[in-house]
Each structure stands twice: as C-alpha cells, then as structure tokens.
Amino acid sequence: MPLLLSLKVAGIATFIASVMGISVAWLAAKRDFWGKEVLDALLTLPVVLPPTVLGYYLLVLLGRRGPIGSWLETYFGINLIFTWQGAVIAASIVAFPLVYKSARSAFEGVSRRYEDASRVLGKNEFQVFSLVTFPLAIRGILAGSMLAFARALGEFGATLMVAGSLPGKTQTLSIAVYEAVQAGHDQVANFLVVVTSIVCIVVLLASNYFLKPKYREA
Amino acid sequence: MGVEVDVQQTFRSGGHDFSLNIQFSCDENITVLFGQSGAGKSLLLKIIAGLQDTQTGKIVINGRVLFDSSEGINIPSRYRRIGFLFQDYALFPHMTVGENIGFSKRSIFSKRLIEKDAERVRELLEIFQIKDFSKKYPSEISGGQRQRVGLARALLQKPDILLLDEPFSALDPLLRIQMRAELKKIQSIFNIPILFITHDPQDVAELGERLVLIKQGLVSGSVDLSNPPYRDSLGKPVRPEIRKILLSAAGVSSA
C-alpha cells in the first residue's frame, strides 16, 4: 500500500530531519563559530538543488562503489539503494532545510534576556535550553517540521533516483501516482490523488492548530 | 557585608572602542549608580552578574569572590547568587506568574516544587500582593505587577545582592512613586544590599544611600548620601543638595 509506505518514510524522515535540524539550528542561532554562514548555505542547498541532482549525489555516495555505500557494504553488509531506507535518507535530506531554517529563525527570535534571566536564576545551559529557549521556539519548530513532513510525503525525484519504484517495497504515493498515470490506470490515479490531497490538508490544519499562540510576549 | 567592584573591559562595536574602567565599593543598603544613557551602567551590572565577559578585575560580594582575573576565578552566573531585575523584567511569557516566581527552584521535568519552596512562593506572592494573579500570564497583568513578579522571582533563591537595571523607567510617574516606596520596604524586609542603576534624579534622591556617578565608562565620583548635607535631621533627603551634585557631575553648572 503506497500510502502506508509514504507515511512511514515521511514520518521517519521528518523525525531524523527534525532532530538534526533542531541541533544544528541551535548551534547556528546561539553560538559563534568559524564558517557558520558557509555551513548555513551548504545545509540549505537541498531546497534549491533539483531533486534529481540531489538523488544523483546520493546515488554516487551511497551506491556500492560510493565512499559511504562501500563502507556500509563491507562492514555491515547494508545496501541502501533500492530500499525504503534509502527513500528515508533521500526524504530526510530534502526535508532537513525546512526544519533547520524555521528552527534557526525561531531560536534567533528567543530574546537573550530570557536566557540570561534563567542563567542568573541558577540554571545551566541545558536547563536554559529545555525550560526557556526550546519552549519559546517550539511553535516555529513545529511549523518547520510540518512543512518538512509535507515535503517528505511529496518527495519524488530524489526518492526515485535512490530507491526506485518497486511496488510494495519502495513505491511511495507520489511515485505511484506517476506510474498509474503512465500506465493509463485513471481510477487508481484519481484515488491516490484524492488520498494525497486529504493527507496534506490534514497536515496543514494540524500545523495551523499548533501555530495558534497560547500566550503573548509581555 | 559589602560590595567591591573593580573591572576593566574594552568593547568594540561598529569601529568604535568603548572602555569600561570602574572601581567602587559600598556597604550601604541601597547604592545608586547614576549616569547618562550609554555610560556603561547596564554593561556593568551584566559583568557583575557574570552575563558579560570581562578582561581584568575583581568582583567581591559579601566576602565571596565571584571574579578575580589575577587568580583565574570566574564563577558562572548560575552560582553567583545574584538577584537580577532586568529593565523590562524578562518574565518568561510561557509561564504563569506563579511558575515564573518558582522558576529558580524547579527541575526540568516538572513545574511542581517541593513543599518548602512552594511555601516560599506563597509567602512571596503574599508579600508582593500578587496572589490573585498567580495563575495569570505576564502579558495579562500590569507593569507594576510585572515588576513585583520580577522582584519576587529574583528573591526566591535568597540572593546575596539585588541588581536592578533601571527598574522604574517603563512605569508611569505615579506608579514610580509607589514602586520606590515598595522597593524601600522590600529592602528592609529582606535586608539585602541593592545595587540600582538609573538616570532619574528622583530615584537618587528618594532611594540612594550611596551614590556612584558613572560617566563614559569611568567612575566620576562616589558620595555618601545618608548624612548631611544630603539628609536633614529627620533623615529626609535634601533635594537641592543632591540636585547640585548630580548637575555638577553631568557638567552643568547649577547657577
């Protein structure tokens, strides 16, 4: 069932993209280090690069003869190409900048006064983050994660390059739509399109709900 | 009891260098740091609280060394036991009044406090007359109430000193008069030294026991205001005398 596969791939990809995106975003927003803006540009690249180009990079890296692919193969016997896990990696990378960008601006929007106030009130840096910075940035981060999920759900180009279109194995919703139209199965295509649209509308409604502020800045 | 501050720090911003070189000590209950905007007063408070790095110097509060560059001592903010009231109070907008006050004693897992601390929070709510708002968010209460919440929050962890960064500048004039009186009362209840920065001469006259004048990053004078000629025989401030010293410090002749 392409829908379940898509939800699984997009769900895991969103989780990975969120964890990494939030960590890097915090570093970029709250700490100074050399080459920060270059790193920012590199991390944002997946949004601007055509998905097929991205997919090609991934194939080169993760393929049997690629640097990461051959290493995984020799030491763990893992092959990611043409697997749903490969699709997860493709979707994570495509979704990453959406989390990263919104989390970074959400963290930057948390005034230093609040963090300083909690430092003088006896909190260490981890407590400052978990009690103040993160809760004050959570709405922006969730909005980014929702967009990332929607983007991962609709991911087509990079996924097709890396994971292919094996029915029941790697054929996600958006790829299944393409295949159905190509094969002239209009009814299947109609059904999949309606399902995808409903899922996306639900995601948008949910993100609007999360974005509703529960308090105001004083 | 006493505060000893001696800090040097050069900042660079926008191609301009700004040097802070400040020494003063005080024993009085309320010390007012007076100077114009941009004189480096806020920076000084941040340095004392450990929120801003400083190059050389020494900071001692009640005999406890918080910073000493020659000994390599630099105690992090969270261990300095300093109560800090920010200019706009910096109340956490996502927490209620009660949660804000209890913040220093809560864990990261739960906002529940142990009974002893919860009792202290109730006491502070009582003293500051904000019990009725404990479930409200900072955005739902008035400026004066916010200031009380900020003070209560700072006092919960029993600090050694209270630093106030222009606490009254965001309040309207009538409220200022009221809050000055409250601050005096609080000082006597908690018996804690207060270091207080302002550029309002009224604050100096009403509250100051020691006056430290700051001008362009330097101390330009330190005056004991608790005795004549600055206090009359009843202990009331003698405004013309205080005015005179503030004006001459600002380089304005009081003809």
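Residues numbered from 1 in each chain as written. Chains lettered and ligands numbered in written order. Predicted model: local features only at pLDDT ≥ 70, side-chain atom pairs only at ≥ 80, totals over all residues. Heavy atoms only, no water.

### A look at helix α6 (residues 112-120) of chain A
The α-helix winds at 3.6 residues per turn, so residues separated by three or four positions along the chain end up facing the same way.
In step 1: In terms of burial, α6 of chain A is largely enclosed, as 7 of its 9 residues are buried.
In step 2: Restricting attention to buried positions, one finds in α6 of chain A the residues Tyr114, Glu115, Asp116, Ala117, Ser118, Arg119 and Val120 of chain A.
In step 3: Looking at the buried positions of α6 of chain A, the neighbouring elements they touch are α1 (2-30) and α7 (125-154) of chain A together with α1 (41-49), β7 (82-85) and α4 (143-156) of chain B.
In step 4: Where α6 of chain A ends, the next residue or the one after it, Gly122 of chain A, has phi of about 95 degrees, a positive value. (Buried < 20%, exposed > 50% of the residue type's maximum accessible area, 1.4 Å probe, protein only. Helix = DSSP H or I, 4+ residues; strand = E, 2+ residues; numbered from the N terminus. Contact = heavy atoms within 4.5 Å.)

### Looking at the pairing of strand β1 (residues 3-13) of chain B
Residue and element names in this part refer to chain B.
In step 1: As defined by bridge partners, β1 adjoins strand β2 (residues 16-26) across 11 bridges and the pair is classed as antiparallel. Within β2, the position partnered with Val7 by the bridge is Ile22.
In step 2: As judged from the 6 bridges shared by β1 and strand β4 (residues 56-61), these two strands associate in the antiparallel manner. Counterpart to Val3 in the pairing with β4 is Ile61. (Pairing = 2+ DSSP bridges.)

### Observations regarding the nonpolar core
Residue and element names in this part refer to chain B.
In step 1: Ranked by size, the top nonpolar core spans 77 residues in total, and within it Phe24, Leu33, Leu44, Ile48, Ile82 and Leu163 carry the most contacts.
In step 2: Not counting residues within four places of it along the chain, the set of residues in contact with Phe24 comprises Val3, Glu4, Val5, Leu33, Leu44, Leu195 and Val212.
In step 3: If you look at the next biggest cluster of nonpolar residues, it comprises 42 residues, including Ile130, Ala152, Leu156 and Leu183. (Core = buried A, V, L, I, M, F, W, Y, C linked by side-chain atoms within 4.5 Å.)

### A few points about the packing of helix α2 (residues 36-48) of chain A against helix α5 (residues 84-108) of chain A
Residues and elements named next belong to chain A.
In step 1: Viewed as axis vectors pointing N to C, α2 and α5 meet at an angle of 130 degrees, and their least axial separation amounts to 6 Å. Between α2 and α5, the angle falls in the class oblique. In terms of crossing hand, the pair formed by α2 and α5 is left-handed. Contact residues: Lys36, Glu37, Asp40, Leu43, Thr44, Pro46 and Val47 in α2; Ile93, Val94, Phe96, Pro97, Tyr100, Lys101 and Arg104 in α5.
In step 2: Its residues assigned to classes, the contact of α2 with α5 comprises 8 nonpolar, 1 polar and 5 charged. (Axes fitted to C-alpha atoms, helices over the stretch in contact; angles between N-to-C directions. Parallel < 35°, antiparallel > 145°, perpendicular 65-115°, else oblique. Left-handed = near helix turned anticlockwise from the far one by under 90°. Nonpolar A, V, L, I, M, F, W, Y, C, P; charged D, E, K, R; others polar.)

### A few points about the pattern of salt bridges
All names here are of chain B.
In step 1: Throughout the structure, instances matching the rule amount to 24 salt bridges over all chains.
In step 2: Of the charged contacts, one joins Arg176 and Asp200 as a salt bridge, the two residues approaching to 3.2 Å between their closest N and O atoms. Here Arg176, found in helix α5 (residues 173-190), pairs with Asp200, found in the loop between β9 (194-198) and α6 (201-207); they are 24 residues apart in sequence, far enough to count as distant.
In step 3: Between Arg180 and Asp200 there is a salt bridge, and its shortest N-O distance comes to 3.2 Å. Of this pair, Arg180 sits in helix α5 while Asp200 sits in the loop between β9 and α6, and the two are 20 residues apart along the sequence. This pair shows no difference in class: Arg180 is buried, exactly as Asp200 is. (Salt bridge = Lys/Arg side-chain N within 4 Å of Asp/Glu carboxyl O.)

### Examining the interface of chain A and chain B
In step 1: With 23 residues of chain A at the contact, the number on the chain B side is 28 residues.
In step 2: When the two sides are added together, the surface that chain A and chain B hide from each other amounts to roughly 2,300 Å², 69% of it contributed by carbon and sulfur.
In step 3: Considering only the surface of chain A that becomes buried against chain B, Val120, Leu121 and Leu131 of chain A emerge as the three largest contributors, covering 30% of it.
In step 4: Note that Arg113 of chain A is salt-bridged to Asp88 of chain B, the shortest N-O span being 2.1 Å. (Buried area = accessible area lost by both parts, 1.4 Å probe.)

### Examining unusual backbone geometry
Residues and elements named next belong to chain B.
In step 1: Phi angles above zero are rare outside glycine, and Lys158 is one such case at about 45 degrees.
In step 2: Given the relative accessible area of 56%, Lys158 is considered exposed.
In step 3: Phi is positive for Asn191, close to 50 degrees, though the residue is something other than glycine.
In step 4: Considering the arrangement of structural elements, one finds Asn191 in the loop between α5 and β9.
In step 5: Exposure remark for Asn191: the relative accessible area of 53% places this residue in the exposed category.

### Overview of the packing of aromatic side chains
All names here are of chain A.
In step 1: With the rule as written, the count across this model stands at 11 aromatic pairs over all chains.
In step 2: Judged by centre distance (5.9 Å) and plane angle (55 degrees), the ring pair of Phe107 and Phe129 falls under tilted. Of this pair, Phe107 sits in helix α5 while Phe129 is found in helix α7, placing the two residues 22 residues apart along the sequence.
In step 3: Connected via pairs of aromatic rings, a cluster forms that spans Trp26, Phe107, Phe129 and Phe134.
In step 4: Here the basic side chain of Lys8 rests over the ring of Trp84, its NZ or CZ set 3.9 Å away from the ring centre. (Phe/Tyr/Trp six-rings, centres within 6.5 Å; stacked < 30°, edge-to-face > 60°. Lys NZ or Arg CZ within 6 Å of the ring centre and 35° of its normal.)

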